[in-house]
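Okay, here's what each chain looks like letter by letter:
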Amino acid sequence: MSSEKPEQPIYLINFEDYLRPKRSHKSMPLQRFDKPEKSTSKCCKLYKRLKLVRWCREIRTELSQRLEQVPLPRFLSFLRERNDDGLCKPKTGFEIYCEMSSIHGFHLFVGAKTWQRVLWWIFICTALLLSLLVVTMSQAKTADTPTIRYIDSMMQPSADQPIPFPAVTICSLNRVSRRSLLIKAREWQVAKETLQRLPWLTSRRLDPVNETSFSSLGWGNSTWSELLEQLSPRVCETQLLSCQWQNQHQSCNELFATSWSYTEGRCCSFQSQPKFGISIRGLTIRLAAMLEDYGSTLTATAGFELLIHEAGTAIDAATQRVILPRGTESQLMVKAFGTHASSYLGSLPIDKRRCYLSHERKLFHFVNYSQDNCLAECRSQRIYRICGCVHPHMPSRWYWPQCQVEQFKCLQEQDLSREDLQLHCNCLPSCEFIRYEVHSDVANLDATYTMANTNDGFFNMFNASDDLILHIYFDSMSAEQLRLDVSENWLTFIGKYSQTVL
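Keep in mind it's a predicted model, so treat the numbers as computed, not measured.

## Structural notes on the sheet that holds strand E6 (residues 256–261)
Item 1. Within the open sheet, the five strands sit side by side as E6-E7-E2-E10-E11. Their pairing is antiparallel. Across the chains shown, the open sheet's two edge strands, defined by having one partner strand only, are E6 and strand E11 (320–325). Averaged over all neighbouring strand pairs, the angle between strand axes comes to 30 degrees, with direction disregarded.
Item 2. Sheet topology places strand E10 (residues 303–309) next to E11; six bridges connect them, and they run antiparallel. Pairing of leucine 306 across the sheet is with valine 322, part of E11.

Structure, rendered in structure tokens:
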């Protein structure tokens, strides 16, 4: 036998016959299947049999069919119900967006009937119009009030941003010293009652009787400023008896100085201290009313008037004040509110934000700008323009002459109230300021109680019926910090209303 292996057979394969299907395949169109009807309860079946329900369904079907026949513009063609008729039609980009969008209701534009699409389109257009209306109204409100005040901190520690102690001005309710009045009455050979009625001493109006007395007096060589200096009581020199600052006894001459006010006359003002952390110990002073020296006053109470304001600002009728009767002990608790301007506030025009930054308005008399200082200078300018002079204790330029006693009538006639001045003067508030609120607690002193003598002599020769004690201090170790800012800019506008529109 031969050892050779038999040859392997060779098979020929036709790949075209191999890939040809064995059975003929018929091309069938895509089929749509209706949703299977769910089993309904007897109540639902009875409900559907009601004539009113059937009538509503018929009306809805009829309206839907009529809506199908309404011709729609080309840009609203997507509202037509999609009917594939067994064929796979390509979807538009808007339909794909509606299927994938998470915005509420947009999926109804795909797969819903025409009336449903139209109804939802009306809802969306109405919502967009209302959103645009809200945005427009908000923009109009922002244009009217472009600034807003925020609370930065309700309990700002005093060490982080020191708050200065308020300016304390003490004015006697007695406008004329009785002793000085008697001296002048003998010098001018008139009755003291005549001098007591004069308006330039007590801010009374100049009636015809006073005007006759006013013009008949011989003032001699005395100027108006000299007369006020001679007749006004000396609060700092004679009525301010003892002082304590931060619970330490100090000389009153170091803490207080004489100041003059156009409306209040001679007063005694607390010297501004350097900024430090808020202390609840504050200022304690003892005053003597000196009832026997009362020559002319507008009130029936004997004592003092305490005015509390920001340091460096003028005193006027709107300044916060507290009456301190004689024979009492007063506790004045001060709460400070500091307001600072943000960096965005300078981008607004002045007529929009309605306030001045510290560098935008310079005054000719005062160093720091405030609305009170601006109104005081505006009052002086108006009186100088009409009368040709100013009151001796009004802010003035170096070349303005001071009014004499004979020019008092013109000065009083041209003097305007604060409300009238605001109409004539362009004096806007300051954007940065400190406001003080005062809560007072006044108690009568017991005249039978004897004060113990202390080493500092605070209660030496104490007279409970004529003296008064004043304590003024901050009510807490913190202050409320406010920020004046723009109510809205483009970034906040986009972040606030993007969700409203979308």
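There is more to say, and it comes next.
## Digging into the packing of helix H6 (residues 178–188) against helix H10 (residues 224–231)
Item 1. Put simply, H6 and H10 touch, their axes get as near as 9 Å, and they point 130 degrees apart. By the angle between their axes, H6 is oblique relative to H10. Along the contact surface, H6 presents Ser180, Leu181, Lys184 and Trp188, while H10 presents Leu227, Gln230 and Leu231.
Item 2. Looking at the contact of H6 with H10 residue by residue, the class counts come to four nonpolar, two polar and one charged.

## Considerations on H10
Item 1. Among the residues of H10, those classed as buried are Trp224, Leu227, Leu228 and Leu231. Mapping the buried residues of H10 onto a view down its axis gives an arc of 100 degrees, with all of them on the same face.

## A word on the pairing of strand E4 (residues 240–245)
Item 1. Counting buried positions along E4 yields five of six residues, so the element is predominantly enclosed.
Item 2. Sheet topology note: the E4/strand E8 (residues 283–288) ladder contains five bridges and is antiparallel. The residue of E8 that forms the bridge with serine 242 is arginine 286.
Item 3. Note: E4 against strand E5 (residues 248–250), three bridges, orientation antiparallel. Each bridged residue has a counterpart across the sheet, and for cysteine 243 the counterpart in E5 is glutamine 250.
Item 4. Counting the residues in the hairpin turn of E4 and E5 gives two residues, including glutamine 246, whose phi is positive at 55 degrees.

## With respect to the packing of aromatic side chains
Item 1. In total, this model carries ten aromatic pairs according to the counting rule given.
Item 2. With a centroid separation of 5.7 Å and 65 degrees between ring planes, the pair formed by phenylalanine 165 and phenylalanine 270 is classed as edge-to-face. Remark: phenylalanine 270 occurs in strand E7 (residues 265–270) and phenylalanine 165 occurs in the loop between strand E1 (147–157) and strand E2 (167–172); sequence separation between them is 105 residues. Taken individually, phenylalanine 165 and phenylalanine 270 each receive the classification buried, so the pair is uniform in this respect.
Item 3. Among the aromatic residues, ring-to-ring pairing joins Phe165, Trp245, Phe256, Phe270 and Phe474 into one connected group.
Item 4. Seen from the ring of phenylalanine 364, arginine 397 lies directly overhead, with NZ or CZ sitting 4.3 Å from the centre.
Item 5. In this arrangement the basic side chain of arginine 435 is found over the ring face of phenylalanine 337, its NZ or CZ atom lying 4.3 Å from the centre.

The rules we used
Note that residues are indexed from 1 along each chain, following the sequence as it is written. The predicted origin of the model limits local features to residues at a pLDDT of at least 70 and limits the giving and counting of side-chain atom pairs to 80 or more, whereas totals for whole chains, interfaces and linings rest on all residues. Excluded from the side-chain calculation are hydrogens and water; included are all heavy atoms of the structure. Should DSSP find at least two bridges between two strands, the strands are taken to pair. For helices the rule is a DSSP run of H or I covering at least 4 residues; for strands it is a run of E covering at least 2, with both sets numbered from the N terminus onward. To obtain an axis, a line is fitted to C-alpha atoms, over the contacting stretch when the element is a helix, and the angle between two such axes runs from 0 to 180 degrees between their N-to-C directions. Small angles under 35 degrees read as roughly parallel and large ones over 145 as roughly antiparallel, with 65 to 115 read as roughly perpendicular and the rest as oblique. Residues count as neighbours in contact if any of their non-hydrogen atoms are within 4.5 Å of one another. Under this grouping Gly is polar, as are all residues other than the nonpolar Ala, Val, Leu, Ile, Met, Phe, Trp, Tyr, Cys and Pro and the charged Asp, Glu, Lys and Arg. Here the term buried applies to any residue with accessible area under 20% of the maximum for its type, exposed to any over 50%, and partly exposed to those in between, with areas from a 1.4 Å probe on protein chains only. For this quantity, the arc is that covered by the directions from the helix axis to the C-beta atoms. Each pair of aromatic rings taken from Phe, Tyr and Trp, with Trp reduced to its six-membered ring, is defined by centres within 6.5 Å and is described as stacked if the planes are under 30 degrees apart, edge-to-face if over 60, and tilted in the remaining cases. As a reminder, the over-ring test applies to NZ of lysine and CZ of arginine, requiring each to be within 6 Å of the ring centre and within 35 degrees of the ring normal.

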